[in-house]
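Residue-level listing of the chains:
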Amino acid sequence: MLKTIILLTNTVQQQQPLANLLREHNRDLSFCSALRAQDLAAISPEILRDARLVSFANDIAISEKFLLQLGHGAYKFYTAPTQYPGLAPAPDESDEDPRCVSVIAQSMTIWPDFRTVVGLETMTIPEGTAAAERNR
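Residues numbered from 1 in each chain as written. Predicted model: local features only at pLDDT ≥ 70, side-chain atom pairs only at ≥ 80, totals over all residues. Heavy atoms only, no water.

1. Notes on the packing of aromatic side chains
Stage number 1. This structure, assessed with the given rule, holds 0 aromatic pairs.
Stage number 2. Above the plane of the ring of Tyr-78 lies Lys-76, whose end atom (NZ or CZ) is 5.5 Å from the centre. (Phe/Tyr/Trp six-rings, centres within 6.5 Å; stacked < 30°, edge-to-face > 60°. Lys NZ or Arg CZ within 6 Å of the ring centre and 35° of its normal.)

Now the structure itself:
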């Protein structure tokens, strides 16, 4: 049974809002916070057995060993250019509106062919939006 969500984020400030949002769906969940690979390595195998990793806006590589220990899989959430989801934007080669982005949810596995996009949402960020609000 899923007991723990491991939140892998880019900043400490992202941890609590994400935990609060996920807790709305299941009040019984526990949360572990991670920012680096060392943080993930410190989580005990007993916790990993009943856990799912949720990576949000963090690009660190997740080891095969770690993925195999997770009892409930792993998902990565990230943004990408609207025209080419999954590809990094080429510098100065895009005519796209930089306010338009795709937000992608992707399953993470040790087999690259099985990494599938499980959700895709395209949005336009209003002009004049502050950086903190844009990240939210």
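Picking up after the structure, the text goes on.
2. Focus: the side chain of Asn-58
Stage number 1. Residue position: Asn-58 is located in the loop between strand S3 (51-56) and helix H4 (64-69).
Stage number 2. Using a relative accessible area of 4% as the deciding quantity, one classes Asn-58 as buried.
Stage number 3. In this view, Asn-58 contacts Leu-8, Thr-9, Asn-10, Leu-35 and Lys-76; residues no more than four positions away in its chain are not counted. (Helix = DSSP H or I, 4+ residues; strand = E, 2+ residues; numbered from the N terminus. Buried < 20%, exposed > 50% of the residue type's maximum accessible area, 1.4 Å probe, protein only. Contact = heavy atoms within 4.5 Å.)

3. Considerations on the nonpolar core
Stage number 1. Core analysis: the biggest nonpolar cluster contains 16 residues, and Ile-6, Leu-40, Leu-53, Ile-62, Phe-66, Leu-67 and Leu-70 have the highest contact counts within it.
Stage number 2. Counting residues per element, the ones that place at least two in this core are strand S1 (4-9), strand S2 (30-34), S3 and H4.
Stage number 3. Excluding residues that lie within four positions of it along the chain, Phe-66 makes contacts with Ile-6, Leu-40, Leu-48 and Leu-53.
Stage number 4. In this structure, Leu-7, Leu-18, Leu-29 and Val-54 belong to the second largest nonpolar core, which totals 6 residues. (Core = buried A, V, L, I, M, F, W, Y, C linked by side-chain atoms within 4.5 Å.)

4. Notes on helix H1 (residues 15-23)
Stage number 1. Within the span of H1, buried status applies to Gln-15, Leu-18 and Ala-19. Seen from one end, H1 has its buried residues packed into an arc of 100°, which puts them on one side.
Stage number 2. Residues of H1 that are buried in the fold lie against S1, S2 and S3. (Arc of directions from axis to C-beta.)

5. Examining the pattern of salt bridges
Stage number 1. Inspection of every chain in the model, using the stated rule, returns 3 salt bridges.
Stage number 2. For Lys-76, the salt bridge identified is with Asp-59, shortest N-O distance 4.0 Å. Residue Lys-76 is located in strand S4 (residues 74-81), and its partner Asp-59 is located in the loop between S3 and H4; the two are separated by 17 residues in the primary sequence.
Stage number 3. Residue Asp-59 is classed as exposed on the basis of its relative accessible area of 68%. (Salt bridge = Lys/Arg side-chain N within 4 Å of Asp/Glu carboxyl O.)

6. Focus on the confidence of the model for the protein
Stage number 1. Counting all residues, the mean pLDDT for the protein is 81, and 79% of those residues have values of 70 or more.
Stage number 2. In the model of the protein, helix H5 (residues 131-135) stands out as the element of lowest mean pLDDT, 67, in contrast to helix H3 (residues 45-49), which has the highest, 96. (pLDDT = per-residue confidence, 0-100.)

7. Some remarks on the environment of Val-103
Stage number 1. You can see Val-103 is positioned in strand S5 (residues 100-108).
Stage number 2. As a C-alpha pair, Val-103 and Glu-121 span 18 residues in sequence and 5.2 Å in three-dimensional space.
Stage number 3. With residues near it in sequence (within four places) discarded, Val-103 still touches Tyr-78, Thr-79, Gly-119, Leu-120, Glu-121 and Met-123.

8. Quick word on the side chain of Gln-14
Stage number 1. With respect to the helices and strands, Gln-14 occurs in the loop between S1 and H1.
Stage number 2. Within the structure, Gln-14 has its side chain in polar contact with the backbone nitrogen of Asn-10 (distance 2.9 Å).
Stage number 3. Only 3.0 Å separates the side chain of Gln-14 from the backbone nitrogen of Thr-11, close enough to count as a polar contact.
Stage number 4. In this structure, Gln-14 is in contact with Thr-9, Phe-56 and Ala-57, ignoring residues within four places of it in sequence. (Polar contact = N/O pair within 3.5 Å; in protein donor to acceptor, adjacent residues only side chain to side chain.)

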